[in-house]
Amino acid sequence: SQHIVGQHPAKRAVSLAIRNRIRRTFLSPSIQKEVTPRNVLMIGPTGCGKTEIARRMANLANAPFIKVEATKFTEVGYHGRDVDSIIRDLVDVGIQQVKKTKEKELKGEAEEVVKERILDILTGPNRDKTSRESFRTLLESGGLDEQEIEVDVPIGSGDKNAGIFAMGNDGAGNNPNIAAMNDFLSKVAGGGAGGKKSPPTERKKMTVEEAKEVILEIEIENMLENVDMKKEAILAVEQKGIVFLDEIDKICSSRDLMSKSADASAEGVQRDLLPLVEGTVISTKYGNVNTDYILFIASGAFHSVKPSDMLPELQGRLPVRVELQGLTEDDLYKIMTEPVVNVLKQQVELIATEGVKLLFEDDAIREIARMAAQMNRTVENIGARRLHTVIERIMEEISFDAAEMEEGEEITVTKALVQDRLSDALVASDLSRFIL
């Protein structure tokens, strides 16, 4: 609610779905198996907050989360990405999350190793203990940060081998066997037969401050080689994974049109989604992933089609249905004033970097909301995105002139200024509906 205005039913449905995931973890294993997630379908006009709810939710959930557009995928057998790649991408997200967590855990230990390695370079391994301790004190206080040293860096750290054995190009993402083979061949190229030997290094000259970062990265990578991240990531994806399917209405075709659609991104994709949402096993390069307990949240505007135009089986697999309301003039006003970093605050902070103070009068904000609501009614309803159009029109001249203004100058946006800047936009928009 600090970031999204209104839409309480949608927020409640999504937060309940996530809360139930947490509750499920406290159940006994026998009951846990039977409790499956209740997938959600959000229906509402464009620009009313469907995608934003998902984006904010991802930060709060602390779970493997992926947002995908349903229109990206094609039916199995056609050129393009099939829906299985959603789960493969989700596992990649899970691996990155586990890696970040492990890096935080290992950072303290790795920093001690980094200090010792830098001291070895500065003093040599056979230097007496007293001078080594004096160098240590200097290093910890930052007195040696500007000192230049030579460090051995792995040649492969710039990812030079990335394209040597790339097989399958775009298809590699869809085929876990090809992806696994690419990984294996890259390791062989970087680290000798079987990838067991240490990769070749080159000596680079850098300051102690830069060397700390480089050596820390190398040491953490070495420590992570002994950690089995795959198992942990797959478990996190299976038990806590969340998939947000946006624009699901774009893969529906109206039942009124009896002719079968030839679009490879239409009904066939819905059929491919059925086993994924219901629960199946997907093969990835890290291992098999069971989708039984992954939470799916779908959303769509459903302008030209109805939710009932979806395949009945897919409707049944999205049991929690929430309708989001279109935005009123009051909602648009709240969007500009209530969220923590609202659109007006963003403009104020951007102009403040030039040393100029920008103020918006309350009457002006009300007028912006009124104009945006009017344009949504008369031209096309694009919801809160209309505010960006309106505010950019008002700010265009102010933003351009701000760079030349004196430090400490003050600009006030008044109701009259808003009307002046937007009067031609409303006239033009009325005519634009009738001109080809």
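Before going into details, it helps to say that this report is about the structure given with it.

Cut-off values and rules
- Residues numbered from 1 in each chain as written.
- Predicted model: local features only at pLDDT ≥ 70, side-chain atom pairs only at ≥ 80, totals over all residues.
- Heavy atoms only, no water.
- Axes fitted to C-alpha atoms, helices over the stretch in contact; angles between N-to-C directions.
- Helix = DSSP H or I, 4+ residues; strand = E, 2+ residues; numbered from the N terminus.
- Parallel < 35°, antiparallel > 145°, perpendicular 65-115°, else oblique.
- Contact = heavy atoms within 4.5 Å.
- Salt bridge = Lys/Arg side-chain N within 4 Å of Asp/Glu carboxyl O.
- Buried < 20%, exposed > 50% of the residue type's maximum accessible area, 1.4 Å probe, protein only.
- Core = buried A, V, L, I, M, F, W, Y, C linked by side-chain atoms within 4.5 Å.
- Left-handed = near helix turned anticlockwise from the far one by under 90°.
- Nonpolar A, V, L, I, M, F, W, Y, C, P; charged D, E, K, R; others polar.

Observations regarding the packing of helix α12 (residues 343–352) against helix α14 (residues 385–402)
Between α12 and α14, the shortest axis-to-axis distance is 11 Å and the interhelical angle comes to 10°. Taken together, α12 and α14 sit at an angle that is classed as roughly parallel. Counted together, Val343, Leu344, Gln347 and Ile351 of α12 and His388, Ile391, Glu392, Met395, Ser399 and Ala402 of α14 form the full contact between these two elements.

Observations concerning the pattern of salt bridges
Going through the model one piece at a time under the given rule, you end up with 17 salt bridges. Ionic pairing is found between Asp246 and Lys67, a salt bridge with its closest N-O pair at 3.8 Å. On the criterion of sequence distance, the pair formed by Asp246 in strand β5 (residues 242–246) and Lys67 in strand β2 (residues 65–69) is long-range, its members being 179 residues apart. Note on Asp246: relative accessible area 4%, which makes it buried. Two residues, Asp362 and Arg366, come together in a salt bridge whose shortest N-O distance is 4.0 Å. Linking Asp362 with Arg366, this pair stays in helix α13 (residues 362–378), spanning 4 residues, or about one helical turn. For Arg366, a relative accessible area of 39% gives the class partly exposed. Where salt bridges share partners, they join Lys67, Glu69 and Asp246 into one cluster.

Structural notes on the nonpolar core
Counting 57 residues, the largest nonpolar core has Ile86, Val243, Leu245, Ile248, Leu273 and Leu314 as the members making the most contacts within it. Top element by residues in this core is helix α4 (residues 84–123). It accounts for 12 residues. Once residues within four sequence positions are removed from consideration, Ile248 is found in contact with Leu41, Ala70, Ala298, Ser299, Gly300, Phe302, Met310 and Leu314. Counting residues in each nonpolar core, the second largest holds 33 residues, with Met336, Ala364, Met375 and Val413 among its members.

Examining the environment of Asp331
For Asp331, the location among the structural elements is in helix α11 (residues 329–337). For the pair Asp331 and Ala384, spaced 53 residues apart in sequence, the C-alpha separation works out to 8.9 Å. Asp331 has contacts with Val5 and Gly326, leaving out every residue within four places of it along the chain.

Examining the packing of α11 against α13
In contact at an axis separation of 8 Å, α11 and α13 are set at 130° when each is read in the N-to-C sense. With respect to α13, the element α11 is oriented oblique. Judged by the twist between their axes, the crossing of α11 over α13 is right-handed. Contacts between α11 and α13 involve Glu329, Asp330, Leu332, Tyr333, Met336 and Thr337 from the former and Asp362, Ile365, Arg366, Ile368, Ala369, Arg370, Ala372 and Ala373 from the latter. For the contact of α11 with α13, the residue count by class is 8 nonpolar, 1 polar and 5 charged.

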